[in-house]
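# Summary of the model geometry
If you want the building blocks of each chain, they are given just below.
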Amino acid sequence: MTAADPISYLRDAFSGRRVLLTGHTGFKGGWAALWLKRLGAEVTGVALPPDDPRGFFEAAKLARIVDHRIGDIRQPTAFADLVKDIDAELVVHMAAQALVRKSYEEPLDTYLTNVVGTAAVLDAARRMPSLKGALVITSDKCYENREWVWGYRENDPMGGADPYSSSKGCTELLVSAYRRSFFSSPDSPLLASARAGNVFGGGDWSQDRLIPDIMKAALGGAKVVIRNPASIRPWQHVLEPVYGYLLLGARLISRDRAFAEGWNFGPDPDGVVTVETLADCIQAAWGPGGARFEFGEAKTGPHEASVLRLDSTKAKTLLGWGPALSVDDAVRLTVAWHKAAAAGADMRKFSEAQIADYEKSIARRNSRPTHNV
Ligand SMILES: NC(=O)c1ccc[n+]([C@@H]2O[C@H](COP(=O)([O-])OP(=O)(O)OC[C@H]3O[C@@H](n4cnc5c(N)ncnc54)[C@H](O)[C@@H]3O)[C@@H](O)[C@H]2O)c1
């Protein structure tokens, strides 16, 4: 069913479902909210106010289509109070302090948001009478990075050398303890976690992220310093992991206990490229007038892992998930989104059209006989 017609499967799974999504004012959460609405879900979003008026939430005018609530997951009692009337069937927890560099400046706040905040969300979730499942979004950086060439698998050890990565490793340990303590009896809801790669797409304006920095420089005609150009990362368009989260969320809603685990959603090998290769690819897609690059010396800033790959065999084999876009396609979608936003297009419609095209890409990918291998 999922492999043959995954979008109908998702529509059946989500239509009319009450979904509580944290982090909907952020980049990934914004795309997830729009896609969930398209699938017919009733979405309540809880997050801090959006940081940037050009970001996805404001651009797509999401406050008009979701039940938009401002709340702080670092304040468990106030958060529980804010969501107590929702009685969601699925909770998708994306809210986080999501930046490695900021985690060096604000380590305490990073742990408070990412670890204690996740406990606050799960505690509120498990008190919801209709809850069928909860999905916590962590990161590829949750694994202890050995700087090796192989992809990390779901059963590799957690770790993290910087506060952000370690906070995500801690979040995974917390999820595991909550699953065994509160989400494992036969009639209890299910709890899963998801780890994706370096995500990009329209509407991300975060500080110190490669693609947002290049987009800002391209639109302002400025120069951008590319740190650590030789670092290898698993790059992917935002819709690729969000598709994985939806497939996994649908399994949780149907109470399929085999799916209440950790899952990787990383790109295929062609998406695992150096920072410099991706920057060049963006330059080519932008065409004349794009950002000018200055390649910084490697390792000029605080430590960041230089090699990171994810092994997504489990999601491909058991969920029928898999990347549907090449890196070039992903870059083209991102550049097109930012050019359209700069030109004053209706970005809700534009983003919905990108989701519709992506759904067609999934169908094309699924019609290839070897897609599930
Ligand atoms: N973007 C990536 O490349 C990437 C890669 C791997 C994992 N992730 C994870 O995916 C999730 C979403 O990332 P993103 O890129 O959309 O981040 P983002 O920074 O764009 O959005 C973060 C969201 O979390 C909310 N938030 C932050 N602190 C909060 C608090 N104290 N209370 C309530 N809400 C709070 C923000 O308001 C925002 O809505 C995060 O968990 C992140 O760690 C992102």
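See the structure above.
Residues numbered from 1 in each chain as written. Predicted model: local features only at pLDDT ≥ 70, side-chain atom pairs only at ≥ 80, totals over all residues. Heavy atoms only, no water.

### What to know about unusual backbone geometry
Although it is not a glycine, K61 adopts a positive phi angle of roughly 50°. Tracing the backbone shows K61 in the loop between helix 3 (56-59) and strand 3 (67-70). The phi torsion at D87 lies on the positive side, around 45°, for a residue other than glycine. Along the polypeptide, D87 turns up in the loop between helix 4 (76-83) and strand 4 (90-93). (Helix = DSSP H or I, 4+ residues; strand = E, 2+ residues; numbered from the N terminus.)

### Some thoughts on the site of the ligand
Around the ligand, a shell composed of 26 residues is seen, among which T25, K28, D72, Y164 and K168 lie nearest. The separation between an oxygen atom of the ligand and a polar side-chain atom of T25 is 2.7 Å. At 3.2 Å from a nitrogen atom of the ligand is found a side-chain nitrogen or oxygen belonging to R74. In isolation the ligand offers 830 Å² of accessible surface; the protein chains occlude 92% of this area. For the shell around the ligand, the secondary-structure elements that each account for two or more residues are helix 2 (27-38), helix 7 (163-182) and strand 7 (198-200). Split by residue class, the shell around the ligand holds 12 nonpolar, 9 polar and 5 charged. (Near = heavy atom within 4 Å. Polar contact = N/O pair within 3.5 Å; in protein donor to acceptor, adjacent residues only side chain to side chain. Areas by Shrake-Rupley, 256 points an atom, 1.4 Å probe, with all protein chains shown as cover. Nonpolar A, V, L, I, M, F, W, Y, C, P; charged D, E, K, R; others polar.)

### As for the nonpolar core
Formed by 60 residues in total, the largest nonpolar core has its most connected members in L10, F14, W35, L135, Y245, F265 and L319. With 10 residues, helix 9 (residues 239-253) is the single largest residue contributor to this core. Ranked by size, the runner-up nonpolar core spans 24 residues in total, among them L20, V91, V121 and F183. (Core = buried A, V, L, I, M, F, W, Y, C linked by side-chain atoms within 4.5 Å. Buried < 20%, exposed > 50% of the residue type's maximum accessible area, 1.4 Å probe, protein only.)

### Some thoughts on the sheet that holds strand 9 (residues 232-237)
On the basis of which strands lie adjacent, the open sheet formed by 3 strands has the order 7-9-11 and mixed pairing. Pairing within the sheet leaves two strands with one partner each, and these edge strands are strand 7 and strand 11 (272-274). Pairs of neighbouring strands in the sheet enclose a mean axial angle of 50°, with direction left out of account. Where strand 7 meets strand 9, 3 bridges bridge the pair, whose relative direction is parallel. When the bridges of strand 9 are listed, V199 appears paired with Q236. (Pairing = 2+ DSSP bridges. Axes fitted to C-alpha atoms, helices over the stretch in contact; angles between N-to-C directions.)

### A word on the pattern of salt bridges
Side chains that carry opposite charge are capable of pairing whenever their charged atoms lie near each other. For the coordinates displayed, the defined rule picks out 21 salt bridges. Ionic pairing is found between E89 and R17, a salt bridge with its closest N-O pair at 2.8 Å. Of this pair, E89 sits in the loop between helix 4 and strand 4 while R17 sits in the loop between helix 1 (6-14) and strand 1 (18-22), and the two are 72 residues apart along the sequence. Measuring nitrogen to oxygen at the nearest pair gives 2.7 Å for the salt bridge that ties R195 to E172. Of this pair, R195 sits in strand 6 (residues 190-196) while E172 sits in helix 7, and the two are 23 residues apart along the sequence. (Salt bridge = Lys/Arg side-chain N within 4 Å of Asp/Glu carboxyl O.)

### Remarks on the sheet that holds strand 3
Taking strand neighbours across the sheet as the criterion, the 7 strands line up as 3-2-1-4-5-6-10 in an open arrangement whose pairing is parallel. What marks the edges here is a single partner per strand, and that holds for strand 3 and strand 10 (262-265). Here the strands of the sheet are splayed against their neighbours by 20° on average, with no regard to which way each runs. Where strand 6 and strand 10 come together, 4 bridges link them in parallel fashion. Within strand 10, the residue paired with A196 across the bridge is F265. Most of the contacts of helix 2 go to strand 1, to which it runs at about 170°, and overall it touches strand 1, strand 2 (42-47), strand 5 (133-137) and strand 6. (Contact = heavy atoms within 4.5 Å.)

### Some details on the environment of L310
By secondary structure assignment, the location of L310 is in the loop between strand 12 (292-295) and helix 11 (313-319). As a C-alpha pair, L310 and D268 span 42 residues in sequence and 9.0 Å in three-dimensional space. Aside from chain neighbours lying at most four places away, what touches L310 is D140, Y143, G151, Y152, R195, A196, G197, N264, F265 and G266.

### A short note on the pairing of strand 4
Here strand 4 shows no split at all, with L90 and V92 on one side and V91 and H93 on the other all buried. As judged from the 4 bridges shared by strand 1 and strand 4, these two strands associate in the parallel manner. By the bridge assignment for strand 4, L21 is matched with V92.

Nothing here speaks to function; it is all geometry.
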